[in-house]
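# Topology and contacts: notes
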Amino acid sequence: MKLLVVGDATSQFVLNFSLYLKQYYTDVQIHILNTNSSEDIVSIQRKSGSAYDKIFCYYKKIPLINKIPGVRGVVRLFTERLVRMKVEKQFYDVACVHALFATQCRIVKWLPKVTSFIVAAFWGSDLYKRKENNTERILLPALNLCDRISLSTMSMRNDLIGEIDVPISKLRNCQFGLKPLELLFSSEHISRKDAKTGLGFGEHTFVIACGYNGHRHQQHLAIIHSLVKNKDEIPENHLMIFPMTYGATPEYKDQVINALRESGLKYKVFESFLSDEDIVLIRKATDILVQVQKTDAFSGSMQEHLFCRNIVITGAWLPYESLTEKGIILEKIEKIDLLPEKIGKVLKNRHTLQKQVEAANTPDKFENSLWSVCIHDWYNLLNEYNAAV
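Below is a summary of the structure that appears in this document. Predicted model, so just to flag it, every value in this text is computed and none were measured. (Residues numbered from 1 in each chain as written. Predicted model: local features only at pLDDT ≥ 70, side-chain atom pairs only at ≥ 80, totals over all residues. Heavy atoms only, no water.)

### Observations regarding the overall build of the protein
Scanning the protein from terminus to terminus reveals 18 helices and 13 strands. Computed over the C-alpha atoms, the radius of gyration of the protein is 22 Å, within 12% of the 21 Å expected from 2.2 N^0.38 for a compact globule of 389 residues. If one aligns the C-alpha atoms of the protein with their principal axes, the spans along those axes are about 65 × 50 × 40 Å. Within the protein, buried positions represent 54% of all 389 residues. Considering only intrachain contacts with a sequence separation of at least 6, the fraction spanning at least 24 residues in the protein is 70%. (Helix = DSSP H or I, 4+ residues; strand = E, 2+ residues; numbered from the N terminus. Rg over C-alpha atoms; globule rule 2.2 N^0.38 Å. Buried < 20%, exposed > 50% of the residue type's maximum accessible area, 1.4 Å probe, protein only. Contact = heavy atoms within 4.5 Å.)

Okay, here's the thing in structure tokens:
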């Protein structure tokens, strides 16, 4: 199978998708059309190892020219055209487009010149934030050119069908694997106390994780406000942690930090890049996760926290029915206004809840999120090009 992958070549999803495909299926040859303007061929080669057999970059980094608005646009169009000409010299059995953002939607228009079978893989925000991302108008024409459309959950599938007119026969469910979850499975020997000391916390620190990225949709300010309302219930040895390594504007990050300073609570904000090993420690060190973002698409971070048997408070509006159907325990609120009350109840009953979570959220319930398991569904989907020939 000769496969063209379109997307961010250094994204952990795209990178591990490619690495695991090649690991389990030796017949797969992968070319990548990178859509991340911050990465060039040299940096992609350094970060990706053997994931890609050939690399095309849709953008070219020219720092001096990129600072001149008018010239920048002309050079960008010229570069795109040159790269497209190089890709069009190839022919692929399949093209798999990861994340239907504006650039990917535009690329889909000319993909029929290089392949007769196109798979679109939704990530989440490309579907749920399409108006915000200004892709509403170009998304449907792109999907009409695709032969298959992959979605991570039944909730996403139902939302797509309810909002966009696409043939149901095109839809498939393929879950993205979670590399940190692979590490968590192999790190069962690391205890919660070990993780806390590994992060430089005291082993008895009561850790409350607030969201998992810096985007304002995580509603950090509402979380801080709710915790402040429950100050008397929070253990003295507490620490609120805020992973804000990506997604935050400087202005929003300042708002969050100012609110934390005024809260009187102990906190730590993570702003620098976190390795997979760091993420494992954060997941294991957490006692309570509060994750109430406005939209979500089966967050990997959530699954990792649940795997580590954290008590998780989340929104009933988020698509986690498939987890609760497995018997995984989540504490849900119907609307954000109810967060202070829920946090209060969880803090008061945390010892009982922790025992329930320990018994219910067992490792076997998360196996489908391992790349070594879910990659076979992806291969079967891509291999449908054979039936379409």
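### Focus on the pairing of strand S6 (residues 148-151)
Neither face of S6 is open: one carries Arg148 and Ser150, the other Ile149 and Leu151, and all of them are buried. Two elements, S6 and strand S7 (residues 171-173), share three bridges in a ladder whose sense is parallel. Bridging across to S7, Ser150 finds its partner in Arg172. As for the winding sense of the linkage, the β-α-β connection from S6 through helix H7 (residues 154-163) to S7 is right-handed. (Pairing = 2+ DSSP bridges. Right-handed = clockwise from strand over helix to strand, strands pointing away.)

### Side note on the nonpolar core
Ranked by internal contacts, the top residues of the largest apolar core, which has 34 residues, are Leu4, Leu33, Val87, Leu111, Phe122, Leu143 and Leu160. For this core, the secondary-structure elements that each account for two or more residues are strand S1 (2-7), helix H3 (69-87), strand S4 (94-98), helix H4 (102-110), strand S5 (118-121), helix H6 (136-144), S6 and H7. Among the nonpolar cores identified, the runner-up in size contains 33 residues, and Ile30, Ile32, Phe117 and Cys174 belong to it. (Core = buried A, V, L, I, M, F, W, Y, C linked by side-chain atoms within 4.5 Å.)

### Details of the pairing of S5
The alternating pattern of S5 places Ile118 and Ala120 and Val119 and Ala121 on opposite faces, both of which are buried. Here S4 runs beside S5; their pairing, made up of four bridges, is parallel. Note on S5: the bridge partner recorded for Val97 is Ala120. With respect to chirality, the unit in which S4 leads through H4 into the neighbouring parallel S5 is right-handed. Here S5 pairs with S6 via three bridges, running parallel. Paired with Ala121 across the strands is Ser150, a residue of S6.

### Description of the sheet that holds S4
The strand order across the open sheet built from seven strands is S3-S2-S1-S4-S5-S6-S7, with neighbouring strands paired in parallel fashion. In this open sheet, the two strands that pair with only one neighbour each are strand S3 (54-57) and S7. Averaged over all adjacent pairs, the angle separating strand axes in this sheet is 20 degrees, with direction ignored. Inspection of the sheet shows S1 paired to S4 by four bridges, in the parallel sense. Across the sheet, residue Leu4 finds its bridge partner in S4, namely Ala95. In the packing of H7 onto the sheet, the strands contacted are S6 and S7, and the crossing angle to S7 comes to about 160 degrees. (Axes fitted to C-alpha atoms, helices over the stretch in contact; angles between N-to-C directions.)

### Things to note about helix H10 (residues 220-229)
Buried within H10 we find His220, Ile223, Ile224, Ser226 and Leu227. Looking down the long axis of H10, one finds its buried residues gathered within 165 degrees of arc, a one-sided arrangement. (Arc of directions from axis to C-beta.)

### Some points on helix H15 (residues 339-348)
Taking burial as the measure, the 10 residues of H15 include seven buried ones, the bulk of the element. Leu339, Pro340, Lys342, Ile343, Gly344, Val346 and Leu347 are the residues of H15 that are buried.

### Examining the packing of aromatic side chains
The relation between two aromatic rings is expressed through the spacing of the ring centres and the mutual angle of the planes. In total, this model carries 11 aromatic pairs according to the counting rule given. Both rings, one in Phe185 and one in Phe307, keep their centres 4.7 Å apart while their planes meet at 40 degrees; by these two values the pair is tilted. Residue Phe185 is located in helix H8 (residues 179-185), and its partner Phe307 is located in helix H13 (residues 300-307); the two are separated by 122 residues in the primary sequence. Taking relative accessible area as the criterion, Phe185 reaches 23% and is therefore assigned partly exposed. Looking at Phe307, the relative accessible area reads 2%, which means it is buried. A connected cluster of aromatic rings, assembled from ring pairs, spans Phe13, Phe17, Tyr20, Tyr24, Trp123, Phe176, Trp371 and Trp378. (Phe/Tyr/Trp six-rings, centres within 6.5 Å; stacked < 30°, edge-to-face > 60°.)

### Concerning the packing of H10 against H15
How two helices pack is summed up by the angle between their axes together with the distance between the axes. Taken N-terminus to C-terminus, the directions of H10 and H15 make an angle of 50 degrees; their axes are 8 Å apart at the nearest point. If you check the angle between H10 and H15, you find them oblique. Here H10 runs over H15; the crossing is right-handed. Residues Ala222, Ile223, Ser226, Leu227 and Lys229 of H10 form the contact with H15, whose own contacting residues are Leu339, Pro340 and Ile343. Residues belonging to the contact of H10 with H15 are distributed by class as follows: six nonpolar, one polar and one charged. (Parallel < 35°, antiparallel > 145°, perpendicular 65-115°, else oblique. Left-handed = near helix turned anticlockwise from the far one by under 90°. Nonpolar A, V, L, I, M, F, W, Y, C, P; charged D, E, K, R; others polar.)

### Section: the side chain of Glu182
Positionally, Glu182 belongs in helix H8. It turns out Glu182 is buried and unbridged, and the closest side chain with the opposite charge, Lys179, is 5.8 Å from it. (Lys, Arg positive; Asp, Glu negative; His and termini not counted. Salt bridge = Lys/Arg side-chain N within 4 Å of Asp/Glu carboxyl O.)

### Some details on a nonpolar patch on the surface
A cluster of nonpolar side chains, contributed by Phe78, Leu82 and Met85, occupies part of the molecular surface with about 300 Å² of accessible area. Relative to the assigned elements, Phe78 resides in helix H3. Its relative accessible area of 54% is what places Phe78 among the exposed residues. (Patch = residues over 30% accessible without salt bridge, like charges linked within 9 Å, V, L, I, M, F, W, Y side chains within 5 Å. Areas by Shrake-Rupley, 256 points an atom, 1.4 Å probe, with all protein chains shown as cover.)

### A word on the side chain of Asn230
Within the element layout of this structure, Asn230 appears in the loop between H10 and strand S9 (238-243). A distance of 2.9 Å separates the side chain of Asn230 from the backbone oxygen of Pro340, its partner in a polar contact. Those residues in contact with Asn230 that sit more than four places away from it in its chain are Pro340, Ile343, Gly344 and Leu347. (Polar contact = N/O pair within 3.5 Å; in protein donor to acceptor, adjacent residues only side chain to side chain.)

It is worth stressing that arrangement in space is one thing and function is another; only the former is reported here.
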